[in-house]
2 protein chains.
Amino acid sequence: MDSSKREGEAAINIPESKSTKGKNVAHTTTLMAAPPPPRGGWKRGVAIFDFILRISGLVAALAATTTMGTTDETLPFFTQFFQFQASYDDLPAFTFFVVANAIASGYLVLSLPFSIVGIVRPHAAGIKLLLLIFDIAMVAFTAAAAAAAAAIVYLAHNGNSKTNWFAICQQFNDFCQRISGAVVASFIAAVIFIFLVVLSAVSLHRRH
Amino acid sequence: MDSSKREGEAAINIPESKSTKGKNVAHTTTLMAAPPPPRGGWKRGVAIFDFILRISGLVAALAATTTMGTTDETLPFFTQFFQFQASYDDLPAFTFFVVANAIASGYLVLSLPFSIVGIVRPHAAGIKLLLLIFDIAMVAFTAAAAAAAAAIVYLAHNGNSKTNWFAICQQFNDFCQRISGAVVASFIAAVIFIFLVVLSAVSLHRRH
């Protein structure tokens, strides 16, 4: 496309008489209109929406982390040998869930200043690309965390007769309700990250 | 950036004497180098790499689907009431795993023609954006499937003393080994999808 433009430029310049300088400038300006113009109205809108989505994602990821991390139910009875207590660090899937959502929350906090730069300078594509790459990693992280926890939560609710894994939610009812909420919050965070990636991609695709 | 360029253009044009036309053309050419030129050499390379990655992802996702889907171990002993048999459809997490990886495989097959179009026409950005959006969904799908299955596989290997879920891999050793392999294949597919998204994003970012 550049060579055809260069040819077009040459075709305009060569037959021109030296007195049509102003016209030449006008032509050049028209041809120069193809590269990124400073309109950026909808780009700024996208950048503001990006910022709002990041705040929402932060709320969802923080909710998932804290709900799962602080849930700790001790049953009101205990035998001589056991105290019945359920906490997130009993199951590695839940530990991974807390770690992954904490990482996602931390990343979202760190990404907010870059998102603000995107609002101030809507054509800074390099920052968008950087955020997009990290956002994809976070899609995988939060989706994996939510799915792993969901698999365990399902088991806790329903049990599995084939493997002789019994449902534990009859005993730990409050625990089960809270971790189910945390899983939903993490899925919401994953969906928000997907929207963030799509937004960045559309913004990178349409330059003007 | 555009307005500053236009000013630069004007600054070059105005003080020039009318006899330095050739120099003017040279200047314009240098300034015009910013908009998309038809080099596209590395873009074609990226498109070919995209195609190879899709083939690899297809192999990984298909391997995950078929390994999980065909694993069916019947133990050589049975009681009067039970026949001990382990299959993927005993656990909803494994059923989701098979469905998600089958969807990913099907999508990858359908995306191959579009990837070929990307090789033939490296500057067709619309197709890249479309594939990128679907690729992100597949990142979430395959990562979630792998994580859910991994949570269950971990439980099958190690059990959990707190919840009285016992390890079943002593009995179903072959079953456990095969599903572990399927989980690894699905994680590989997820990583390949992440690379596909990053490649598309970089390709969208750098127009030339």
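What counts and what doesn't
- Residues numbered from 1 in each chain as written.
- Chains lettered and ligands numbered in written order.
- Predicted model: local features only at pLDDT ≥ 70, side-chain atom pairs only at ≥ 80, totals over all residues.
- Heavy atoms only, no water.
- UniProt positions renumbered as here; feature names shortened; annotations may be inferred.
- Helix = DSSP H or I, 4+ residues; strand = E, 2+ residues; numbered from the N terminus.
- Buried < 20%, exposed > 50% of the residue type's maximum accessible area, 1.4 Å probe, protein only.
- Contact = heavy atoms within 4.5 Å.
- Areas by Shrake-Rupley, 256 points an atom, 1.4 Å probe, with all protein chains shown as cover.
- Salt bridge = Lys/Arg side-chain N within 4 Å of Asp/Glu carboxyl O.
- Expected span 1.5 Å × (residues − 1).
- Bend = angle between axes of the 7 residues up to and from the residue.
- Axes fitted to C-alpha atoms, helices over the stretch in contact; angles between N-to-C directions.
- Parallel < 35°, antiparallel > 145°, perpendicular 65-115°, else oblique.
- Left-handed = near helix turned anticlockwise from the far one by under 90°.
- Nonpolar A, V, L, I, M, F, W, Y, C, P; charged D, E, K, R; others polar.
- Core = buried A, V, L, I, M, F, W, Y, C linked by side-chain atoms within 4.5 Å.
- Disulfide = S-S within 2.5 Å.
- Patch = residues over 30% accessible without salt bridge, like charges linked within 9 Å, V, L, I, M, F, W, Y side chains within 5 Å.
- pLDDT = per-residue confidence, 0-100.
- Phe/Tyr/Trp six-rings, centres within 6.5 Å; stacked < 30°, edge-to-face > 60°.

An unreviewed UniProt entry lists chain A under the name CASP-like protein, from Erythranthe guttata. What UniProt records for chain A under Subcellular location (unreviewed entry) is the sentence "Cell membrane". Annotation of chain A in UniProt includes, under Subunit (unreviewed entry), the sentence "Homodimer and heterodimers."

Novice: Mind showing me how you'd approach the overall build of chain A here?
Specialist: When helices and strands are counted, chain A shows six helices and two strands. Sequence-ordered secondary structure for chain A, helices as α and strands as β, is α-α-α-β-β-α-α-α. For chain A, buried positions account for 47% of its 208 residues. Considering only contacts within chain A whose residues lie at least 6 apart along the sequence, 77% involve residues at least 24 apart. As displayed, chain A offers around 9800 Å² of accessible surface, 69% of which is attributable to carbon and sulfur atoms.

Novice: Looking at this model, I keep getting lost on the pattern of salt bridges. Mind explaining?
Specialist: If the charged atoms of two oppositely charged side chains come close together, the side chains can form a pair. Residues and elements named next belong to chain B. Per the counting criterion, the structure on display carries four salt bridges over all chains. Ionic pairing is found between arginine 54 and aspartate 135, a salt bridge with its closest N-O pair at 2.9 Å. Here arginine 54, found in helix α3 (residues 41-70), pairs with aspartate 135, found in helix α5 (residues 125-158); they are 81 residues apart in sequence, far enough to count as distant. Taken as a pair, arginine 54 and aspartate 135 share a single burial class, namely buried.

Novice: Where do I start with helix α4 (residues 92-120) of chain B in this structure?
Specialist: Note that an α-helix has 3.6 residues per turn; residues three or four places apart therefore point the same way. With 29 residues, α4 of chain B should reach 42 Å at 1.5 Å per residue; the first-to-last C-alpha distance of 42 Å fits that figure. Considering bend angle alone, the principal kink of α4 of chain B is centred on leucine 112 of chain B and spans about 35°; proline proline 113 of chain B follows within four residues of it.

Novice: Looking at this structure, I do not really get the packing of helix α4 (residues 92-120) of chain A against helix α6 (residues 173-205) of chain A. What am I missing?
Specialist: Two quantities define a packed helix pair, namely the angle between the helix axes and the distance between the axes. Residues and elements named next belong to chain A. Relative orientation of the contacting elements α4 and α6 amounts to 40°, with a least axis distance of 11 Å. One element, α4, and the other, α6, form an angle in the oblique class. Note on packing geometry: the crossing formed by α4 with α6 is left-handed. Seen from α4, the contacting residues are Phe94, Phe97, Asn101, Ala104, Tyr107 and Leu108; seen from α6, they are Phe175, Ile179, Ala182, Val183, Ser186 and Phe193. Broken down by class, the residue content of the contact of α4 with α6 amounts to 10 nonpolar, two polar and no charged.

Novice: Explain the packing of helix α3 (residues 41-70) of chain A against α6 of chain A here, please?
Specialist: Residue and element names in this part refer to chain A. Direction vectors running N to C along α3 and α6 enclose 160°, while the axes themselves pass 8 Å from each other. Classified by the angle between their axes, α3 and α6 sit roughly antiparallel to one another. Between α3 and α6 the crossing geometry is left-handed. Partitioning the contact of α3 with α6 into residue classes produces 19 nonpolar, seven polar and four charged.

Novice: Explain the side chain of serine 203 of chain A here, please?
Specialist: Along the chain, serine 203 of chain A turns up in helix α6. The buried category is assigned to serine 203 of chain A, whose relative accessible area is 1%.

Novice: Got a minute to help me understand the UniProt feature "transmembrane region" (unreviewed entry) in chain A in this structure?
Specialist: All names here are of chain A. The feature "transmembrane region" (unreviewed entry), as annotated in UniProt, sits at residues 51-71, 91-117, 129-156 and 182-204 in this numbering. In the segment residues 51-71, helix accounts for 95% and strand for 0%; the C-alpha atoms at its two ends are 30 Å apart. As a span, residues 129-156 carries 100% helix and 0% strand, and end to end its C-alpha atoms are 40 Å apart.

Novice: I'm lost on the nonpolar core in this one. Help?
Specialist: Across soluble globular proteins, nonpolar side chains have a tendency to be buried as a group. Core analysis: the biggest nonpolar cluster contains 56 residues, and Phe94 and Trp165 of chain A together with Phe94 and Trp165 of chain B have the highest contact counts within it. If you list the elements that add at least two residues to this core, you get α3, α4, α5 (125-158) and α6 of chain A together with α3, α4, α5 and α6 (173-205) of chain B. Beyond its immediate stretch of four places on either side in the chain, phenylalanine 94 of chain A contacts Met68, Tyr88, Ala149, Ile152, Val153, Phe175 and Ile179 of chain A. Membership of the second largest hydrophobic core comes to 55 residues, among which are Ala104 of chain A together with Ala61, Ala140 and Leu204 of chain B.

Novice: Any chance you could explain the state of the cysteines here in plain terms?
Specialist: Covalently bonding the sulfur atom of one cysteine to the sulfur atom of another cysteine gives a disulfide. Residue and element names in this part refer to chain A. Under the counting rule described, the total for this entry stands at two disulfides over all chains. Linked covalently through their sulfurs, cysteine 169 and cysteine 176 form a disulfide whose S-S length is 1.8 Å. Judged by the sign of its S-S torsion, about -85°, the cystine formed by cysteine 169 and cysteine 176 is left-handed. Here cysteine 169 matches cysteine 176 in class, with each residue buried.

Novice: Explain the environment of isoleucine 188 of chain A here, please?
Specialist: Within the element layout of this structure, isoleucine 188 of chain A appears in helix α6. Judged by relative accessible area, which is 45%, isoleucine 188 of chain A ranks as partly exposed.

Novice: Whenever I open this one, a nonpolar patch on the surface confuses me. Can you help?
Specialist: A grouping of Ile48, Phe49 and Ile52 of chain A is seen on the molecular surface, where their side chains present a nonpolar patch of about 270 Å² in accessible area. Along the polypeptide, isoleucine 48 of chain A turns up in helix α3.

Novice: Help me understand the environment of alanine 145 of chain B in this model?
Specialist: All names here are of chain B. With respect to the secondary-structure elements, alanine 145 resides in helix α5. Residue alanine 145 is classed as buried on the basis of its relative accessible area of 0%. Every residue in contact with alanine 145, bar those within four places of it in the chain, is listed here: Phe96, Phe97, Ala100, Asn101 and Ser186.

Novice: Just to check I follow, could you spell out the confidence of the model for chain A for this structure?
Specialist: Keep in mind that low pLDDT regions are not for reading the predicted coordinates in detail. Residue and element names in this part refer to chain A. For chain A, mean pLDDT is 78; residues scoring 70 or higher make up 73% of the total. Element-level pLDDT for chain A is lowest in helix α1 (residues 2-13), with a mean of 44, against a maximum mean of 92 in α4. For this predicted complex, the interface score ipTM comes out at 0.74, while the overall pTM is 0.75.

Novice: I keep staring at the packing of aromatic side chains and nothing clicks. Help me out?
Specialist: Applying the stated criterion to the full structure yields seven aromatic pairs over all chains. Connected via pairs of aromatic rings, a cluster forms that spans Tyr107, Phe134 and Phe193 of chain A.

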